[in-house]
Amino acid sequence: MTGGQVVVDEPLPLGTGGRGAADAVRFLRDCQSRALTVDWVPDRDALPFDTGLLHHLPPPAHRPTPTGGSGGSDEAAAWRSRYAYGLFYHRRGPDFVTVMDRRDPSASARFTIDHPALLGAFLAVQEPTALDELDTTRREAVSLLADERLVLVTRGWVVALPPRLSRWPVPCTSV
């Protein structure tokens, strides 16, 4: 399905970090991949990581959270104002991945991941993965990917951030 809307009845568990947050980020990333809009709120306003990592994903709605927050924190408002489809995505080729990152307009970047260890780690963490389950080489690769803000590492869990888009973010006549 592409181009529809998803309404999430339960708050997404971003506030505690760890496996729940990694699963929630993967869910939002996969919705973004399919160009779905998502109506959701986090389980709390304050999150244990930099929300700037997530501004490419559908932002939280402005409605009450279960912990008494409004979904209207400054972080959530910044997320809503900065969000745009196609800010951050990846494309796959044979033995490489290209990542386009425009989350920070003053520091747009394009990465080509073709080193076998980095590529293997990036592909492995498309699904939320416990850091303890990764071998030493993949943990080192995840650390490098985290330094470039390509993965979210939270309380012992890691998940890749850029979606693989099913719809091109610009009209083909603009390329």
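As the structure is a prediction and not an experimental result, all values here were calculated from the model.

**Some details on the pairing of strand S7 (residues 151-154)**
Part 1 of the argument: Pairing of S7 with strand S8 (residues 157-160) involves four bridges; the strand directions are antiparallel. Looking at S8, one finds that Thr-154 is bridged to Trp-157.
Part 2 of the argument: Remark: two residues form the turn of the hairpin made by S7 and S8, two consecutive strands paired antiparallel; Arg-155 in that turn has positive phi of roughly 45°.

**Regarding the sheet that holds strand S5 (residues 109-113)**
Part 1 of the argument: With respect to topology, three strands assemble into an open sheet ordered S3-S4-S5, the strand pairing being antiparallel. The outermost strands of the open sheet, each flanked by one partner alone, are strand S3 (88-93) and S5. With strand direction ignored, the average angle separating the axes of adjacent strands in the sheet is 15°.

**Observations concerning the packing of aromatic side chains**
Part 1 of the argument: Within the structure shown, the criterion is met by one aromatic pair.
Part 2 of the argument: Ring centres of Trp-40 and Trp-79 lie 5.6 Å apart, and the angle between their planes is 65°; this geometry places the pair in the edge-to-face category. One end of the pair, Trp-40, is in the loop between strand S2 (37-39) and helix H2 (74-82); the other, Trp-79, is in helix H2, with 39 residues separating them in the sequence. One exposure class covers both Trp-40 and Trp-79, and it is buried.
Part 3 of the argument: Positioned above the aromatic ring of Phe-88 is the side chain of Arg-103, whose terminal nitrogen or guanidinium carbon lies 3.7 Å from the ring centre.

**Comments concerning helix H3 (residues 116-124)**
Part 1 of the argument: Turning to H3, its buried residues are Leu-119, Gly-120, Ala-121 and Phe-122.
Part 2 of the argument: The inward-facing, buried residues of H3 contact S3, strand S4 (96-101), S5, helix H4 (136-147) and S8.

**Section: the pairing of S4**
On a regular strand, each side chain points to the face opposite its neighbour's, so the side chains alternate between the two faces of the sheet.
Part 1 of the argument: Here S4 lies mainly inside the structure; five of its six residues are buried.
Part 2 of the argument: Relative to S4, S3 is paired through six bridges, and the arrangement is antiparallel. Opposite Phe-88, over in S4, you have Asp-101 as the bridge partner.
Part 3 of the argument: Turn length for the S3-S4 hairpin, with the two strands adjacent in sequence and antiparallel, is two residues, and the turn residue Asp-95 shows positive phi of about 65°.
Part 4 of the argument: In the sheet, S4 pairs with S5 via five bridges, with the strands oriented antiparallel. What sits directly across from Val-99, in S5, is Phe-111.

Cut-offs used in this document
Residues numbered from 1 in each chain as written. Predicted model: local features only at pLDDT ≥ 70, side-chain atom pairs only at ≥ 80, totals over all residues. Heavy atoms only, no water. Pairing = 2+ DSSP bridges. Helix = DSSP H or I, 4+ residues; strand = E, 2+ residues; numbered from the N terminus. Axes fitted to C-alpha atoms, helices over the stretch in contact; angles between N-to-C directions. Phe/Tyr/Trp six-rings, centres within 6.5 Å; stacked < 30°, edge-to-face > 60°. Buried < 20%, exposed > 50% of the residue type's maximum accessible area, 1.4 Å probe, protein only. Lys NZ or Arg CZ within 6 Å of the ring centre and 35° of its normal. Contact = heavy atoms within 4.5 Å.

Fair warning: the whole summary comes from geometry, so function is off the table for now.
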